[in-house]
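What follows is the residue order along each chain.
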Amino acid sequence: MSAPRSRRALVGLAAGLGAMVAVAGFVLPRSAAPADHDDDTTVLSWVAEKQADTEPRHPEVGDSWVTYLRLREGSAKGGNRPVMGDGSAKCSAVAVTDRGIITQCQRVLRTDRGTIALSAMIDRFGAGPYTGPSAVVGGTGAYAGAEGQATITLDGPVVRFRIELDD
């Protein structure tokens, strides 16, 4: 008789844990929702010009490439804005469809104040420009412990970054 009681206790425990997981499933997405922007957000607008790019002309799934960038402050290309740093991207084609490719990229933007690291997947469907969200995954120097999100726009040889750092 002790075996059925043990099984009943385990079934009861499993059911209780299942209920907790189900309740947590309804609670967790709300806590994972993006926070509202407030005065504690620092916004950086940077533009980069490609200096070197090894992206294949017709990427296939699994192809990887690197890009080296010249970084300037602002959202418009070049002009007489001084170069404030450089950056790099390491990207891979994770899917190729009739509509275009989906890329996954890690980017590091380097200034005299420190670096900011970004991670993103961007759909590159159609002729472009292509815009997508990116996670700020860290930083160094003035950006040590950086958290937040960015919007990246790829427009031919120009890459625009709108970076929102949570203070």
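Shown above is the structure to which this text applies.
The residue numbers shown here count from 1 along each chain, following its written sequence. Given that this is a predicted model, residues contribute local features only at a pLDDT of at least 70 and side-chain atom pairs are listed and counted only at 80 or more, while totals for whole chains, interfaces and linings are drawn from all residues. Only hydrogens and water are set aside when side-chain values are computed; all heavy atoms of the structure are taken into account.

(A) Fine view of the packing of aromatic side chains. In this scheme Phe, Tyr and Trp rings, the latter by its six-membered ring, pair at centre separations within 6.5 Å, and the angle between planes marks the pair as stacked below 30 degrees, edge-to-face above 60, and tilted otherwise. Under the defined criterion, the tally for this structure stands at 1 aromatic pair. Ring geometry for Trp46 and Tyr143: centres 6.2 Å apart, planes at 75 degrees, overall edge-to-face. Pair noted here: Trp46 is in strand E1 (residues 41-53) and Tyr143 is in the loop between strand E6 (130-139) and strand E7 (148-155), with a separation of 97 residues, a long-range link. The classification of residues rests on relative accessible area computed with a 1.4 Å probe and restricted to protein chains. Under 20% of the type maximum is buried, over 50% is exposed, and intermediate values are partly exposed. A relative accessible area of 3% places Trp46 in the buried class. A helix here means a DSSP run of H or I that spans at least four residues, while a strand means a run of E at least two residues long, and both kinds are numbered starting from the N terminus.

(B) Molecular detail of the pattern of salt bridges. A pair is scored as a salt bridge if a Lys or Arg side-chain nitrogen falls within 4 Å of a carboxyl oxygen belonging to Asp or Glu. Counted according to the given criterion, the structure contains 7 salt bridges. Within this structure, Glu49, Arg70 and Arg72 form a network of salt bridges that share partners.

(C) Just the side chain of Glu164, in detail. Among the structural elements, Glu164 can be located in strand E8 (residues 158-166). Residue Glu164 is classed as buried on the basis of its relative accessible area of 12%. There is a polar contact of 2.3 Å between the side chain of Glu164 and the side chain of Arg162. Nitrogen and oxygen atoms within 3.5 Å of one another constitute a polar contact, given that in protein one can donate a hydrogen and the other can accept it, and given that sequence-neighbouring residues count only through two side-chain atoms.

(D) Fine view of unusual backbone geometry. Each neighbour pair has its own omega, and for Gly128 with Pro129 the value is 5 degrees, a cis peptide bond. In this fold, Pro129 is placed in the loop between strand E5 (114-125) and E6.

Everything listed here is a matter of coordinates, which is why it stays silent on function.
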